[in-house]
Amino acid sequence: MSSTGVMVSRARRIATVARSVRLVPTRPAAALPVSALLASALVLTACGGGVHGTPGGSGVRDPYFPKSGNGGYDVTHYGLRLAYDPGAHHLTGTATLTARAAKDLSAFNLDLLGMEVEQITVDGETARWNRAGQELTVRPRDDLDRDETFRVTVRYAGAPETVTDPDGSREGWLRTTDGALALGEPTGSMTWFPGNHHPSDKAAYDLTVTVPDGLRAVSNGELRSETTARGRTTSTWHMARPMASYLATVAIGRFTVSRSGAGSLPVYTAVDPAEAAASRPVLGRLPEVLRWAERRFGPYPFSSTGAIVDSAASVGYALETQSRPVFPGAPDITLLVHEIAHQWYGDSVSPESWRDMWLNEGFATYAEWLWEEDHGGDSAQEMFDALYSGEHFDTEEAGEEIWEFPPAAPPSAARISDPPVYWRGAMVLQKVRQTVGDDRFFSILRGWAAEYRYGNADTADFTAYAEEQAPGDDLAGVWEEWLYGEGKPEQP
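What you see is a predicted model; the values in this text were computed from it and never measured.

Criteria and cut-off values
- Residues numbered from 1 in each chain as written.
- Predicted model: local features only at pLDDT ≥ 70, side-chain atom pairs only at ≥ 80, totals over all residues.
- Heavy atoms only, no water.
- Helix = DSSP H or I, 4+ residues; strand = E, 2+ residues; numbered from the N terminus.
- Expected span 1.5 Å × (residues − 1).
- Buried < 20%, exposed > 50% of the residue type's maximum accessible area, 1.4 Å probe, protein only.
- Lys, Arg positive; Asp, Glu negative; His and termini not counted.
- Salt bridge = Lys/Arg side-chain N within 4 Å of Asp/Glu carboxyl O.
- Polar contact = N/O pair within 3.5 Å; in protein donor to acceptor, adjacent residues only side chain to side chain.
- Arc of directions from axis to C-beta.
- Contact = heavy atoms within 4.5 Å.
- Pairing = 2+ DSSP bridges.
- Core = buried A, V, L, I, M, F, W, Y, C linked by side-chain atoms within 4.5 Å.
- 1 Å grid on protein atoms, 1.4 Å probe; cavity = no way out; pocket = protein on both sides within 12 Å on 5 of 7 lines; lining within 4 Å.
- Points joined across faces, edges and corners; volume = space filled by probe spheres on them.
- Nonpolar A, V, L, I, M, F, W, Y, C, P; charged D, E, K, R; others polar.

Novice: I'd like a rundown of helix H9 (residues 438-451), residues and numbers included.
Specialist: If you check H9, its first and last C-alpha atoms are 19 Å apart, about what 14 residues at 1.5 Å a residue would give, namely 20 Å. By the burial criterion, the buried members of H9 are Phe441, Phe442, Ile444, Leu445, Gly447, Trp448 and Ala449.

Have a look at this one:
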């Protein structure tokens, strides 16, 4: 995500809406005869009702979004089949999740906000379920054993929701003038498919999307097929590398599509015709940006790249959706650099929790500084000095905002994308560079992206890694004053 220009940074929290609860009817036990109680017990036993397993958790205790994600299992693959009618604003979906049980399970939860659930099966057998807010609790016919691989299929339909975060920004399923745009950071992906919606559980994806003829559906990864029949166009997309659900996207509209290459890397861009002329000069530099980024950060982590440029000014932010960032209007070169840098820092190496957002945004902001430094602009040190003195901003108030909290400790969910996470996060990296020197610093940047490639990491992982790579340098003061310290540190 980027705070460049009008595409402002934002923090998000899902607005939890109470939903109708689907439960097996119950009566007080005292009112039932003994024979009925025995029969009920036999039914529960036959359905695997807690014989040896326990329910999975309804969240992973993220410090800012405690209900996001679910405990007890790990998803390895999402198979999503979607059909969307923009005129009726109606989505039908079948989501098939392949997962591994992390413990003996009698039930497990999925995150799904809104939509009507029509049927759920686990390994082909009909399962019971109930709903409460974003929690969809599934009770398979038979308990699942620890380390067992299982497949859950959810059929659902309805009008997918747009949700508003505490800072006023919008995510989820966003309607556009000619279709829709699905954006998920941090929790909006639960509005259009059920899943384990926390960045700590990454999976491969296959998405098949059907839309009215004349429209296109663009997603992450590689386009495997695109066919039109009976007035409908169906596109199939494949993302083989692990992806956090907030990085999944579907953009539906009358896009102009361009296919090209950056060396051996396929490039696929989809641009709203209204943004085509303004986007062309910047998107034409995408191969150049990728070559530069590979020199700075190491090999590009995915098997394709590109961009989606929609005409959606009301969205107000760009997002680093995996392999194909989304822009709600024509980007400038700085914004393109920011979102491409996220492919290493945020997409390939993803945060362990939403507290670790500076590992995404501080790194991508620092990439902007490096681009300027390498292309005749201000150096990273000059940018650091201008921020420290307050000269970078038009007003004193704006200059003070970056010192309101430490980048590694946002005070609330509403502030995980505030200026300290971006600007002061980048300043932390410049302090590391000052301490260890250029050669070792750039080795750390590349090594960090390689060490946690396709995985998750938190702030403690980064500080430990940097210290291991620079054993002769004392980084304790950088962590204490710049990463975790309150207020504006003294500048030696």
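The rest of the description comes next.
Novice: Can you explain the side chain of aspartate 143? Please cite residues and give values.
Specialist: Position of aspartate 143 among the secondary structure elements: in the loop between strand S8 (135-139) and strand S9 (149-158). Within the buried core, aspartate 143 has no salt-bridge partner, and the shortest N-O distance to an opposite charge, that of arginine 128, equals 8.3 Å. Within the structure, aspartate 143 has its side chain in polar contact with the backbone nitrogen of histidine 52 (distance 3.2 Å). Polar contacts involving the side chain of aspartate 143 include one to the main-chain amide nitrogen of glycine 53, which spans 3.1 Å.

Novice: How would you explain the pattern of salt bridges if you had to name every residue and give the values?
Specialist: A complete count under the given rule lists 11 salt bridges for this structure. Arginine 415 is paired through a salt bridge with glutamate 404; the nearest N and O atoms lie 2.3 Å apart. Remark: glutamate 404 occurs in the loop between helix H7 (396-401) and helix H8 (419-436) and arginine 415 occurs in the loop between H7 and H8; sequence separation between them is 11 residues. Measuring nitrogen to oxygen at the nearest pair gives 3.3 Å for the salt bridge that ties arginine 440 to aspartate 473. Pair noted here: arginine 440 is in helix H9 and aspartate 473 is in the loop between helix H10 (459-469) and helix H11 (476-483), with a separation of 33 residues, a long-range link. One continuous salt-bridge network, built from bridges that share partners, spans Glu373, Arg433 and Asp438.

Novice: Requested: an account of helix H2 (residues 276-283), with residues and values cited.
Specialist: Every buried residue of H2 is accounted for by Ala276, Ser279, Val282 and Leu283. The buried residues of H2 all sit within an arc of 125 degrees when viewed along its axis, so they share a single face. Set apart from the buried face of H2 by more than 90 degrees, the exposed residues are Ala277, Arg280 and Pro281. Those residues of H2 hidden inside the fold are in contact with strand S19 (265-271), helix H3 (286-297), strand S20 (305-309) and helix H4 (333-341).

Novice: Give a description of unusual backbone geometry that names residues and reports values.
Specialist: Trans is the common state for peptide bonds, and a negative phi is the common state for residues other than glycine. With omega at 0 degrees, the peptide bond leading from glutamate 185 into proline 186 counts as cis. Note on placement: proline 186 falls in the loop between strand S12 (180-183) and strand S13 (203-212). Its identity is not glycine, yet methionine 115 carries a phi of approximately 65 degrees, on the positive side. Tracing the backbone shows methionine 115 in the loop between strand S4 (105-111) and strand S5 (116-122). The class of methionine 115 is buried, set by a relative accessible area of 7%.

Novice: Give me the lowdown on the sheet that holds strand S1 (residues 54-55), citing residues and values where you can.
Specialist: Spatially, the four strands line up as an open sheet ordered S1-S4-S8-S7, and their pairing is mixed. Looking at which strands have only one partner, the edges of the open sheet turn out to be S1 and strand S7 (128-132).

Novice: Run through the nonpolar core, naming residues and quoting values.
Specialist: By size, the foremost hydrophobic cluster in this structure holds 143 residues, and its most contacted members are Phe108, Trp192, Tyr205, Phe297, Trp358 and Trp369. If we ignore the near neighbours within four places in the chain, the residues touching tryptophan 358 are Phe363, Pro407, Ala408, Val421, Gly425, Val428, Leu429, Thr459, Phe462 and Leu483.

Novice: How would you explain the layout of surface pockets if you had to name every residue and give the values?
Specialist: The probe, sized like a water molecule, is rolled over the atoms to show the empty space still left. Taken as a whole, the second largest pocket holds about 260 Å³ of empty space. Elements with a minimum of two residues in the lining of the second largest pocket: strand S18 (256-262), S19, H2 and H3. The class makeup of the residues in the lining of the second largest pocket is seven nonpolar, six polar and one charged.

Novice: So what's going on with empty space enclosed by the protein? Which residues, and what values?
Specialist: Tallied over the entire structure, the rule returns two cavities of 30 Å³ or more. In this structure, the largest cavity encloses a volume near 40 Å³. In terms of lining residues, the largest cavity is bounded by Tyr345, Gly346, Val349, Ser350, Pro351, Leu359, Asn360, Trp448 and Ala457. Of all the elements in the fold, those that place two or more residues in the lining of the largest cavity are strand S22 (350-351) and helix H5 (358-374). Of the residues assigned to the lining of the largest cavity, the class counts are six nonpolar, three polar and no charged. For the second largest cavity, the calculated volume is near 30 Å³. Phe297, Tyr345, Phe363, Tyr366, Ala367, Leu370, Leu429 and Leu445 are the residues that line the second largest cavity. In terms of residue count, the dominant contributor to the lining of the second largest cavity is H5 (four residues).

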